[in-house]
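# Survey of secondary and tertiary structure
Here is what each chain is made of, one letter per residue.
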Amino acid sequence: MEKTYIMLKPDAMKRGLVGEIISRIEKKGYTISRIETKVLTAEVLKEHYAHIADRPFFPDLVNYMTSGPVVAMIVEGPDVILGMRILMGATKFEEATPGTIRGDYAYCTTENLIHGSDSAETAAAEIKRFFGC
Ligand code: IDP
Ligand code: MG
């Protein structure tokens, strides 16, 4: 069984969409094996988002991601890494199709509600970073 790291971003909490998003994950048939709210630091975000730390939008991303608590999860299921990326929808809001979480609820690219690991390597590293296992 594969595992991935999923994080509901601060806008999901502020907009009252946590239940709706978790419900979609459950209805898909995946199992949430760990779940915790966390307040992230700029330091951990520099590590988590190292691949985009030099982009002009990075300071706005850190402000947004530290603006309130996130819901951190380990989600399990067959091919769950790819399956969750499909359920989430594309990064850019204008490319996220209706029926996906971002396509239905995100109206800009920075505040796009949900994070999901994009490969087996990042899933393992992110689960270790946020859950220490
Ligand atoms: P992902 O979350 O779909 O894996 P990444 O490229 O890893 O996308 O980017 C991480 C996060 O950085 C995105 O989810 C989004 O919040 C933000 N982001 C990415 N690209 C842009 C952009 O072009 N403008 C503004 N924010 C962006
Ligand atoms: Mg990513």
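Residues numbered from 1 in each chain as written. Chains lettered and ligands numbered in written order. Predicted model: local features only at pLDDT ≥ 70, side-chain atom pairs only at ≥ 80, totals over all residues. Heavy atoms only, no water.

If you trace the backbone, alanine 123 turns up in helix H7 (residues 120-131). Distance from alanine 123 to isoleucine 74, taken between C-alpha atoms, is 9.3 Å for residues 49 residues apart in sequence. (Helix = DSSP H or I, 4+ residues; strand = E, 2+ residues; numbered from the N terminus.)

Glancing now at the site of ligand 1. Within the structure, ligand 1 sits among 13 residues, and Lys9, His51, Arg85, Thr91 and Thr110 are positioned closest to it. Bound to the protein, ligand 1 loses 84% of the 530 Å² it would expose on its own. Grouping the amino acids of the shell around ligand 1 by side-chain chemistry returns 4 nonpolar, 5 polar and 4 charged. (Near = heavy atom within 4 Å. Areas by Shrake-Rupley, 256 points an atom, 1.4 Å probe, with all protein chains shown as cover. Nonpolar A, V, L, I, M, F, W, Y, C, P; charged D, E, K, R; others polar.)

Here we take up the environment of phenylalanine 93. On the secondary structure map, phenylalanine 93 appears in the loop between helix H5 (80-88) and helix H6 (101-105). A residue is classified by how much of its surface remains accessible, and phenylalanine 93, at 37% relative accessible area, is partly exposed. Residues in contact with phenylalanine 93, not counting those within four places in the same chain, are Ala106, Tyr107, Cys108 and Thr109. (Buried < 20%, exposed > 50% of the residue type's maximum accessible area, 1.4 Å probe, protein only. Contact = heavy atoms within 4.5 Å.)

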